[in-house]
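Overview (structure and organization)
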Amino acid sequence: MTITARHLVKSFGADARVVDDVSFTIAPGEMFFLLGPSGCGKTTVLRMLAGFLQPDGGEILFDERKMNGVAPQDRNTAMVFQNYAIWPHLTVYDNVAYGPRARKFSPSDVERRVGDALRVARLEEFTQRKPAQLSGGQQQRVALARALAVDPGLILLDEPLSNLDARLRLELRGELLRIHRETRTTCLYVTHDQEEALSLADRVAVMNKGKIEQTGTPREIYERPANEFTARFMGEINLVTAESPLAAALQGMPGKKIGFRPESAQLGSEGVAATVKHSSYLGSKTELLVEVATGETIKLWTTTSVAPGETVRFTVAREKLIAL
């Protein structure tokens, strides 16, 4: 199912426009992310697509059907929430069967749908357990299986991994990617987590203050951000003005600012000289805060050990420079 949002507007009160002329299209089978900080309007967009809120302006199309005013239960969507929202008194099987039963499918169809969803989510051995007997990651897989069981045209995922610890988030990211590749269900995924977007999304729309700043593939957004907000929000970045001697030393391109990611800098015997002010060992890399002759502080990532007070030199390949 193709999902189209055209010029969506939503306000809460006279001076609180939380969604301001938002437009995007989600292709069939695509994992599309709305990414942005808290309060940027991304969850409000999701709730409008779900039918929980009606837009003040603009329109929503599922394929060619206009959905403005259509009740949530008539949209063929399914939700996956950050707090799981599964029934604590029901078994895993009955939680997953709840949607198909509510939609009046035949008993044999319910059994087939639930079996398929449990298989995809790898929950077959837990069918008779209650949610309290499951880990947080398993509970979230139950919520995902419940969404899949109704065979929706669109799955809406609202910060689904935010309640999990770091190890489980990483594990569930892999599971979500596997499940999406297997089912190719159209998904809209809302999050503030850049790593989730970079690792899972087919395309990303970065939101800020009710507007979309940039839409593209994760690589496009990360390597060629359209503006300073996107550049900073998508990860660590060093920014210097185009007039800075450091920009000239890096052979910067025309623009108001020149940026480069910490991993883009290469330490060596040539390039810009800098004094190491702080060195942090982070396991897979060492993070250096260095000061160049202009007084600017730069963050570099390296795999070598460098002590504070040492002088290093670094270069950045021209294709790794970002002009803003």
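To keep things clear, this report deals only with the structure shown in the data block.

Basis of the calculations
- Residues numbered from 1 in each chain as written.
- Predicted model: local features only at pLDDT ≥ 70, side-chain atom pairs only at ≥ 80, totals over all residues.
- Heavy atoms only, no water.
- Axes fitted to C-alpha atoms, helices over the stretch in contact; angles between N-to-C directions.
- Helix = DSSP H or I, 4+ residues; strand = E, 2+ residues; numbered from the N terminus.
- Parallel < 35°, antiparallel > 145°, perpendicular 65-115°, else oblique.
- Left-handed = near helix turned anticlockwise from the far one by under 90°.
- Contact = heavy atoms within 4.5 Å.
- Pairing = 2+ DSSP bridges.
- Buried < 20%, exposed > 50% of the residue type's maximum accessible area, 1.4 Å probe, protein only.

Here we take up the packing of helix H2 (residues 92-102) against helix H4 (residues 136-149). The geometry of H2 relative to H4 is characterised by a closest axis approach of 7 Å and an angle of 30° between their N-to-C directions. Between H2 and H4, the crossing angle belongs to the class labelled roughly parallel. Crossing hand, H2 versus H4: right-handed. Every residue of H4 that contacts H2 at Val 92, Asn 95, Val 96 and Pro 100 is listed here: Val 142, Ala 145, Arg 146 and Ala 149.

All right, on to the sheet that holds strand S12 (residues 257-260) then. Across the sheet, which stays open at both edges, the three strands sit in the order S11-S12-S18 with antiparallel pairing between neighbours. Two strands close off the open sheet at either side, each with one partner strand: strand S11 (238-241) and strand S18 (322-323). Sheet analysis places S11 next to S12, joined by four bridges and oriented antiparallel. Opposite Asn 238, over in S12, you have Phe 260 as the bridge partner.

We now examine the pairing of strand S17 (residues 311-316). Side chains of S17 alternate between two faces, with Val 312, Phe 314 and Val 316 buried and Thr 311, Arg 313 and Thr 315 left unburied. As paired elements, strand S13 (residues 265-268) and S17 share four bridges and run antiparallel to each other. Looking across to S17, one finds that Ala 265 is bridged to Val 316. Bridge count between strand S14 (residues 272-281) and S17: four bridges; the pairing is antiparallel. Across the sheet, Ala 274 pairs through a bridge with Val 312, a residue of S17.

This part is about the sheet that holds strand S8 (residues 187-191). Read from one edge of the open sheet, six strands run S6-S7-S8-S3-S9-S10, paired in mixed fashion. In the strand order of this sheet, the two ends are held by strand S6 (77-80) and strand S10 (211-216), each with one partner. Shown here is a sheet whose adjacent strand axes are inclined to one another by a mean of 20°, direction ignored. Where strand S3 (residues 31-35) and strand S9 (residues 203-208) come together, four bridges link them in parallel fashion. Among the inter-strand pairings, Phe 33 is bridged to a residue of S9, identified as Val 204.

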